[in-house]
Amino acid sequence: MVKPRKLQKGDTVAIVSLSSGMAGDDLFKHRYEQGKRRLEEEFGLKVVTMQNALKGSDYLAKHPEARAEDFMNAIKDKNIKGIICNIGGADTVRLLPYIDYDLIKENPKVFMGYSDTTVNHFMMYKAGVTSYYGPSVMGEFAENYEMHDYTKKYVKEVLFQNEENIKIISSPEWTSEYLDWANAEYDNVKRKMNKEKHGYEILQGKGICEGELLGGCFDVFPMFIGTDIWPNKDEWKGKILFLETSEDEPEPDYIEYYLRNLIAQGIIDEINGIIVGKPQNEKYYEEYKEVYKRLISEEANRPDLPILYNVNIGHTAPMCIFPMGQKVRVDLEKKEIVFLEKPMSD
């Protein structure tokens, strides 16, 4: 995997809308503006917004080629050092016909987002370029009142400082409280935080496992399994699969269906471990645990496969950053995740 160069103050980053176009809707534009301002003021970045990113939900829903055009233009622009997604959505998969993978590989740069952006991460992976599963403009950078310290910590450590042996620790607090984004008054209202009661949980396995990170939002997988960007069985060999679920809060039955698909593909036979994100609102917290343990241990016949649960990656705030395709160590005794290589190029 090719690593992009780390970010520095003064670098130019592009904002894109590759799925939902809500950032350009009048009701939500204040949220985009708050996120953009934080990128500039708190991280010292120069921010450009690609030409179609604010054309609104209706236009972008009808024009996936315009979204893809923004992405590819940002990739090939030598002045742009990073690309950050406004938000996720539900149809990034429609960009597939318009992607130039050779161009991505020839112009490695920071790419970050999550949720439906999972599809874009697998595009980057197909091109052989590390991407960063992490904060979005309208989500984490525009967080109500102020950004979470936990989120800022990993933005700085991963994207700017490019530190060695970065440890992903459990956040001492979390929130899934919903404050209506359409109400600009909530921009300055801090969401209610909950004390973390569980920390990282070990569902099965012991000792240490290592492997390259590959995964994303589990809800999104069914949309692009079988496409050109879905890795074949051999490409999953030795990977650490990370999975998180969205604000849709999929019922446990759906987690069963998704896992059975991965088992049927033979993927669970190939991987070295699984990392599972904290469920939104901790809904189905215990039910998800039961599904993972039963299906992986009994149906996949992998009672040895390490599963680390309740990690701060994905839709429940705050969130860390995972570099796709980079090697990590999961230490089940110490309950920690450690990056075994620098996430960026100096």
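Keep in mind that this is a model prediction, so the values were computed, not measured.

About the cut-offs
Residues numbered from 1 in each chain as written. Predicted model: local features only at pLDDT ≥ 70, side-chain atom pairs only at ≥ 80, totals over all residues. Heavy atoms only, no water. UniProt positions renumbered as here; feature names shortened; annotations may be inferred. Helix = DSSP H or I, 4+ residues; strand = E, 2+ residues; numbered from the N terminus. Buried < 20%, exposed > 50% of the residue type's maximum accessible area, 1.4 Å probe, protein only. Contact = heavy atoms within 4.5 Å. Pairing = 2+ DSSP bridges. Right-handed = clockwise from strand over helix to strand, strands pointing away. Phe/Tyr/Trp six-rings, centres within 6.5 Å; stacked < 30°, edge-to-face > 60°.

*Asks:* I'm lost on the UniProt feature "active site" (unreviewed entry) in the protein in this one. Help?
*Replies:* Taking the UniProt record as the reference, the feature "active site" (unreviewed entry) is found at Ser-115, Glu-244 and His-315. Considering the C-alpha atoms alone, the annotated residues occupy 201 residues of sequence yet fold into one spot, their largest mutual distance being 8.6 Å. With respect to the helices and strands, the residue Ser-115 is situated in the loop between β4 (110–113) and α5 (118–127). You can call Ser-115 buried: its relative accessible area is 11%. Setting aside residues no more than four positions away along its own chain, Ser-115 makes contact with Gly-88, Tyr-133, Cys-217, Val-220, Glu-244 and His-315. Examined against the element boundaries, His-315 turns out to sit in the loop between β13 (307–311) and β14 (322–323). Residue classification places His-315 among the buried positions, given a relative accessible area of 13%.

*Asks:* I tried to follow the pairing of β13 on my own but got confused; where do I start?
*Replies:* Look at any regular strand and the pattern is simple: side chains alternate between the two faces of the sheet. Burial within β13 is extensive, with 5 of its 5 residues counted as buried. Pairing geometry for strand β9 (residues 201–204) and β13, over 3 bridges, is antiparallel. Counterpart to Glu-201 in the pairing with β13 is Tyr-309. In the sheet, strand β12 (residues 273–277) pairs with β13 via 4 bridges, with the strands oriented parallel. Within β13, the position partnered with Ile-274 by the bridge is Ile-307. Between β12 and its parallel partner β13, the chain crosses via helix α11 (residues 285–299), and the hand of that crossover is right-handed.

*Asks:* Just to check I follow, could you spell out the packing of aromatic side chains for this structure?
*Replies:* Geometrically, a pair of aromatic rings is defined through the distance of the ring centres and the angle of the planes. One pass over the structure, following the stated rule, counts 21 aromatic pairs. For the ring pair Phe-122 and Phe-221, a centre distance of 6.0 Å and an interplane angle of 80° mean the geometry is edge-to-face. In this pair, Phe-122 sits in helix α5 while Phe-221 sits in helix α8 (residues 221–224), placing the two residues 99 residues apart along the sequence. Each member of the pair, Phe-122 as well as Phe-221, carries the same accessibility label: buried. Ring centres of Tyr-285 and Tyr-309 lie 5.1 Å apart, and the angle between their planes is 75°; on these two criteria the pair is classed as edge-to-face. Of the two residues, Tyr-285 is situated in helix α11 and Tyr-309 in strand β13; the sequence distance between them amounts to 24 residues.

*Asks:* What is the right way to look at the environment of Asp-248 in this model?
*Replies:* For Asp-248, the position within the fold is in the loop between β11 (240–244) and α9 (252–265). You can call Asp-248 exposed: its relative accessible area is 61%. Along the chain, Asp-248 and Tyr-186 lie 62 residues apart, while their C-alpha atoms are 22 Å from each other.

*Asks:* Looking at this structure, how should I read unusual backbone geometry?
*Replies:* Among all residues except glycine, the phi angle is most often negative; among peptide bonds, the trans geometry is most common. A cis geometry characterises the amide bond from Ala-317 onward to Pro-318, with omega recorded as -5°. Along the chain, the position of Pro-318 falls in the loop between β13 and β14. Positive phi, close to 75°, is recorded for Tyr-145, a residue that is not glycine. Along the polypeptide, Tyr-145 turns up in the loop between α6 (137–141) and α7 (149–161). The phi angle at Tyr-284 is positive, at roughly 60°, despite the residue not being glycine. Structurally, Tyr-284 is set in the loop between β12 and α11.

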